[in-house]
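Each chain is listed here by its residues.
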2 protein chains.
Amino acid sequence: MKNTRQNNLDFLFHPNSIALVGITTATTWHWTRTFLEGLIEIEFDRPLYLVNPKGGEIEGRQIYTSLKDVPGNIDYVIGLVNAQIAPKLVEECAEKGVRAIHFCTAGFSETGEEPRIKLESELAEAARRNGIRILGPNCMGIYCPKSHLSFSPAFPKESGPVGVISQSGGNSIYLVRQAALRGIRFSKVISYGNACDINESDLLEYLANDPDTKIIALYIEGIKDGKRFRRALEEATKEKTVVLLKGGTTDGGARAVAGHTAALAGSRVTWDALCKQLGIISVSSLEEMIDVLVTLLFLPLPGGRNALLFGAGGGASVLIADEFESRGLKVPPIPKEIVAQIREFTPIAGNILRNPVDYSQAMTNTEGVLKTFAILSSWDGADFLITFVRTGQFTSSRISETWVENLLMSKFPIKQGLFPKPVAMVIEPSLMPEEAEAILAAIRSSIASGLPVYYSFATAANAINLVLTHTERQSKKF
Amino acid sequence: MKNTRQNNLDFLFHPNSIALVGITTATTWHWTRTFLEGLIEIEFDRPLYLVNPKGGEIEGRQIYTSLKDVPGNIDYVIGLVNAQIAPKLVEECAEKGVRAIHFCTAGFSETGEEPRIKLESELAEAARRNGIRILGPNCMGIYCPKSHLSFSPAFPKESGPVGVISQSGGNSIYLVRQAALRGIRFSKVISYGNACDINESDLLEYLANDPDTKIIALYIEGIKDGKRFRRALEEATKEKTVVLLKGGTTDGGARAVAGHTAALAGSRVTWDALCKQLGIISVSSLEEMIDVLVTLLFLPLPGGRNALLFGAGGGASVLIADEFESRGLKVPPIPKEIVAQIREFTPIAGNILRNPVDYSQAMTNTEGVLKTFAILSSWDGADFLITFVRTGQFTSSRISETWVENLLMSKFPIKQGLFPKPVAMVIEPSLMPEEAEAILAAIRSSIASGLPVYYSFATAANAINLVLTHTERQSKKF
């Protein structure tokens, strides 16, 4: 019972049944359980089978001793077996009518050792011969909340507009978990590893045409077919925004790439030129990628580069102004007539009515803050407003709390859309146990209000600059 | 009873008695209480008086209605009064024989308003006339743990080798609190604000000759006398390492400086040239300043730029290698014979023995990790070792915990000095409530083991590069 080899990858994201082959039979926790936990947590609602020659059960679920003993059909296998027996598993899958295998298994070409490189070729050949598609090996597979697929119990259940193609499993997990904290949700995330069969171009062509994906984020270590990948990128950028992190742009990074997914990295210059030409936002870290995604998703596009910065602390005001202006944004002075309007109801000491506005009033006078914010956001000189709170500058957690309560929480409801200009928030997470929880709550409340939240002055300025630069380039193009 | 005006500032740091003038009489918390709380927390052990015309008491302490009612002598006054009555307070202090006043009070020249600028001149003139030195106005004053002075209850009680001169109060608090979390302790921290009397040159000359201060960190917005400050810097750099953050290096930042401490900012180019010439480490944010201080204090100076990176995750390995090499450090390949030694006791799958070393074994085999670490740190090709853990890349907090326990905590005692090379740690704090506490504990345990701890790949690479560049420049100089 053999399938025709599928070229349209849509079936990968909608398996009717899954078998986890090689899952631990031990009663203690083992990393192979991650996949079971992930599927349970995301409420995978079709048949899910566990297979291990040792048999037994995990948490009340039977472990079948072989694939052929599984009573129903199996669409999709997650291979957790030892590398040496991986090609044999492909044959067994073929007999069972499996359409695709995701091999999490490592120990192939990424080791750089000849027998292991050969083993990977055998794996790919076995798949081709049997009409089965392989994702991996050496990867985490697919997260697709809409169809209840996940490889981590820590991922959100809700879907969102960001599609991710990541050669690295760890980087894809990092991206989803950290981005989820910032309010980002995903359509499909694919960790594809050594790409012995399904590769970055297959996946990019798929996401380019996926109606659930509006933004495509790529973590790429190396590519199999440069020309095809370039065509896929061109296609993808026509309708969608593409953000790319290229791993291995230095000599040391390129050597690490070879050891990680056995790919050839390519030079920094080539990739930068490609991104510029195709209108791709190029980033140099996962943190920067998340900041850019936050900006694309939650900051309504500002009409220009003029920032109105509003927050607490004279020294903080100087530093945030420097960070913004040194990253291509502008912090224009507020005209006297606007200042006069605010001065009418604002005491002079401790409230510096320049840009940035250092507004101690926020501690006690919520009405004053709202009035000030309304006046400032109506001013033509500002294209967007940033509210900043750096709690570490206060002498005690008592003051931090007051600030967080008054400026961020229920008392001062800054919501996206409440004022005539886009609003963003810079709030630094705190490591001080006495205030960490309150600040995390404030971050979440701001995200729930539709605000882009950045963790530092520099990262906010950098991400907004990257997105504005991208927009300006795109508008010149058409 | 008038004093002779003091030029040696040592008396500022050793007052025999203090009066807090203008402290709130309210029973509810008010910001002026910060100074009382700070002094109590740091166990100020000489007479401490509270003064407010309303009288009353706070937490069992009498509030005197005027300075002259205070029974004992007063060396040092912390002025928390309204700006308008500040010059009058100077006269009252003179009558009481006060030697120095720190004015926290704001609302002077930083407002940019003529009557307020005049008020500050009157204040300075009153001080000069009466032989009293003034710190401020518009600042937080002095933190000196050795003599039990503090302006925040959140500051450490222990002393350390870092002296800080900060024009901004908020920035000085941020620096002390965040740096304290990283294991840094301070000799003296002075927030000096508008500098109507005591200025940055006075303070720098003092710290340059202070035997308790080995490293001087400066946050400067503007200078009163460029030539004198330059001479003071030259003097300071002869014996000590100086790290400088210049606020207001952009147009917007310079305008913020004017509104904050009424200083003239000066151009970026001028300051950069000065730092290069005098061998000062120039930084562009407080975060970067803290990273540099951590490196100077806790990383034994590496013999060169070759990093051996050791941690978890193939994708993380690629990214950390890129961050290090793109910031002027080297990540050299490990020779085959060294790999062979480690391979003897290390399985092939999941343990990538390149540089970075991606060592999954760390999860289960502590002995193997220690052996590997010993072999790698004896290799001549590495000048220093970095251990990195990015818990966000794991699928669940269960795996993070195992890593944190095995690699960072008691089971794997990486201590500074245990291996032949300097060792540093990159561990990202986590915002995920289920693991935040364990990771914070690991950070603290690493710091207690004498390790420099960095929060990200990029900041580690950046700070180590800045310090190595500084050292290389200094060695060429002599």
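Structure first, text after, so check above.
Residues numbered from 1 in each chain as written. Chains lettered and ligands numbered in written order. Predicted model: local features only at pLDDT ≥ 70, side-chain atom pairs only at ≥ 80, totals over all residues. Heavy atoms only, no water.

The next thing to look at is the overall build of chain A. Looking only at helices and strands, one finds 15 helices and 19 strands in chain A. Counting only C-alpha atoms, chain A reaches 80 × 50 × 35 Å along its principal axes. Relative to its 478 residues, chain A shows a buried fraction of 63%. Long-range pairs, those at least 24 residues apart, make up 75% of the contacts in chain A with a sequence separation of at least 6. A total accessible area of about 17100 Å² is found for chain A, and carbon and sulfur atoms account for 52% of it. Considering chain A, the positive charge centre built from 49 side chains and the negative charge centre built from 51 side chains are found 3 Å apart. (Helix = DSSP H or I, 4+ residues; strand = E, 2+ residues; numbered from the N terminus. Buried < 20%, exposed > 50% of the residue type's maximum accessible area, 1.4 Å probe, protein only. Contact = heavy atoms within 4.5 Å. Areas by Shrake-Rupley, 256 points an atom, 1.4 Å probe, with all protein chains shown as cover. Lys, Arg positive; Asp, Glu negative; His and termini not counted. Charge placed at Lys NZ, Arg CZ, Asp CG, Glu CD.)

What relates the two chain copies is a rotation about an axis together with a slide along it. Here chain B sits on chain A after a turn of 180° about the axis and a move of 0.0 Å along it, with an RMSD of 0.0 Å. Interpreted geometrically, this transformation is the action of a two-fold axis. An overlap of 100% is found between the interface residues of chain B and their copies at the interface of chain A, pointing to a shared contact surface. (Least-squares fit on C-alpha atoms with pLDDT ≥ 70 in both.)

Now for the sheet that holds strand E11 (residues 215-220) of chain A. In a beta sheet, neighbouring strands are held together by backbone hydrogen bonds and run either parallel or antiparallel to one another. Residues and elements named next belong to chain A. Judged by pairing direction, the sheet is mixed, and its six strands sit side by side in the order E8-E10-E9-E11-E12-E13 without closing on themselves. The strands lining the two open edges of the sheet, one partner per strand, are strand E8 (141-143) and strand E13 (281-283). Shown here is a sheet whose adjacent strand axes are inclined to one another by a mean of 20°, direction ignored. Packed on one face of the sheet, helix H4 (residues 169-181) meets E8, strand E9 (159-166), strand E10 (186-191) and E11 and runs near 160° to E10. In this fold helix H9 (residues 286-298) packs onto E9, E11, strand E12 (241-246) and E13, with an angle of close to 170° to the strand it touches most, E12. (Pairing = 2+ DSSP bridges. Axes fitted to C-alpha atoms, helices over the stretch in contact; angles between N-to-C directions.)

With 86 residues of chain B at the contact, the number on the chain A side is 86 residues. With both sides pooled, the region where chain B packs onto chain A buries about 6000 Å², and carbon together with sulfur makes up 59% of that total. Ranking the residues of chain B by area buried against chain A places B:Arg177, B:Thr395 and B:Leu431 at the top, with a combined share of 12%. The tally of links between chain B and chain A comes to four salt bridges. Linking chain B with chain A are 25 residue pairs in polar contact (both at pLDDT 80 or more), by the criterion used here. Where the side of chain B that touches chain A is concerned, the elements lending two or more residues are helix H1 (33-41), helix H4 (169-181), strand E12 (241-246), helix H7 (251-261), helix H9 (286-298), helix H10 (314-326), helix H13 (397-408) and helix H14 (433-448) of chain B. (Buried area = accessible area lost by both parts, 1.4 Å probe. Salt bridge = Lys/Arg side-chain N within 4 Å of Asp/Glu carboxyl O. Polar contact = N/O pair within 3.5 Å; in protein donor to acceptor, adjacent residues only side chain to side chain.)

Residues and elements named next belong to chain A. Most of E9 sits inside the fold, with six of its eight residues counted as buried. In this fold, E9 hands off to H4, which returns the chain to E10; that crossover is right-handed. Direction of pairing for E9 relative to E11: parallel, over a ladder of five bridges. Bridge pairing in E11 places Ile165 opposite Leu218. (Right-handed = clockwise from strand over helix to strand, strands pointing away.)

Residue and element names in this part refer to chain A. Within the structure shown, the criterion is met by 46 salt bridges over all chains. Between Asp212 and Lys146 there is a salt bridge whose closest N-O contact spans 2.9 Å. Taken together, the positions of Asp212 in the loop between helix H5 (200-208) and E11 and Lys146 in the loop between E8 and E9 put the pair 66 residues apart, joining distant regions of the chain. Classification of Asp212 by relative accessible area gives partly exposed; the value is 28%. Look at Lys146 and you get exposed, because its relative accessible area is 56%.

Before going further, it helps to spend a moment on the packing of helix H2 (residues 86-96) of chain A against helix H3 (residues 114-130) of chain A. Residue and element names in this part refer to chain A. Look at H2 against H3: their axes get within 8 Å of each other, and the N-to-C directions meet at 10°. On the basis of the axis angle, H2 is roughly parallel to H3. Between H2 and H3, the residues in contact are Ala86, Pro87, Val90, Glu91 and Ala94 and Leu119, Glu122, Leu123, Ala126, Ala127, Arg129 and Asn130, respectively. A class-by-class count of the residues in the contact of H2 with H3 yields eight nonpolar, one polar and three charged. (Parallel < 35°, antiparallel > 145°, perpendicular 65-115°, else oblique. Nonpolar A, V, L, I, M, F, W, Y, C, P; charged D, E, K, R; others polar.)

Counting residues in hydrophobic clusters, the biggest one holds 206 residues, and the most contacted among them are A:Leu20, A:Leu218, A:Phe324, B:Leu20, B:Leu218 and B:Phe324. Excluding its chain neighbours within four sequence positions, the residues that come into contact with B:Leu20 are B:Phe35, B:Leu36, B:Leu39, B:Leu48, B:Tyr49, B:Leu50, B:Val51, B:Ile78 and B:Leu80. (Core = buried A, V, L, I, M, F, W, Y, C linked by side-chain atoms within 4.5 Å.)

Bringing the packing of aromatic side chains into the picture now. The geometry of an aromatic ring pair is captured by two quantities: the separation of the ring centres and the angle between the planes. Residues and elements named next belong to chain A. A full pass over the atoms with the stated rule returns 16 aromatic pairs over all chains. An aromatic cluster is built from Tyr143, Phe151 and Phe155, whose rings are joined through pairwise contacts. If you follow Arg182 out to its NZ or CZ, it ends over the ring of Tyr455, 4.5 Å from the centre. (Phe/Tyr/Trp six-rings, centres within 6.5 Å; stacked < 30°, edge-to-face > 60°. Lys NZ or Arg CZ within 6 Å of the ring centre and 35° of its normal.)

So, about the side chain of B:Ser191. Residue and element names in this part refer to chain B. Mapped onto the fold, Ser191 is located in strand E10 (residues 186-191). Here Met140 takes part through its backbone nitrogen, which lies 2.8 Å from a polar atom of the side chain of Ser191. For Ser191, the residues in contact, after removing those within four places along its chain, are Leu135, Cys139, Met140, Gly141, Ser166, Ser168, Gly169 and Ser172.

Attention now moves to unusual backbone geometry. Glycine aside, residues mostly have negative phi, and peptide bonds are mostly found in the trans state. All names here are of chain B. Here the residue pair Gly136 and Pro137 is connected by a cis peptide bond, since its omega of 0° sits within 30 degrees of zero. Residue placement: Pro137 occurs in the loop between strand E7 (133-135) and strand E8 (141-143). With an omega of 5°, the peptide bond running from Asn355 to Pro356 counts as cis. Mapped onto the elements, Pro356 comes out in the loop between strand E15 (351-353) and strand E16 (357-359). Here the phi dihedral of Glu59 falls at roughly 45°; this positive angle occurs in a residue that is not glycine. Tracing the backbone shows Glu59 in the loop between strand E3 (57-58) and strand E4 (61-64). What makes Glu59 exposed here is its relative accessible area of 64%. Backbone geometry at Ala195 places phi at a positive 55°, although glycine is not the residue there. Mapped onto the elements, Ala195 comes out in the loop between E10 and helix H5 (200-208).

Now for the pairing of strand E2 (residues 48-51) of chain A. Residues and elements named next belong to chain A. Covered by surrounding structure in E2 are Leu48 and Leu50 together with Tyr49 and Val51, the residues of both alternating faces. Alignment of strand E1 (residues 18-21) against E2, held across four bridges, turns out to be parallel. The residue of E2 that forms the bridge with Ile18 is Leu48. For the crossover from E1 across helix H1 (residues 33-41) to E2, the handedness is right-handed. Bridge analysis of E2 against strand E4 (residues 61-64) gives two bridges, and the strand direction is parallel. Within the sheet, the bridge partner assigned to Val51 lies in E4 and is Tyr64.

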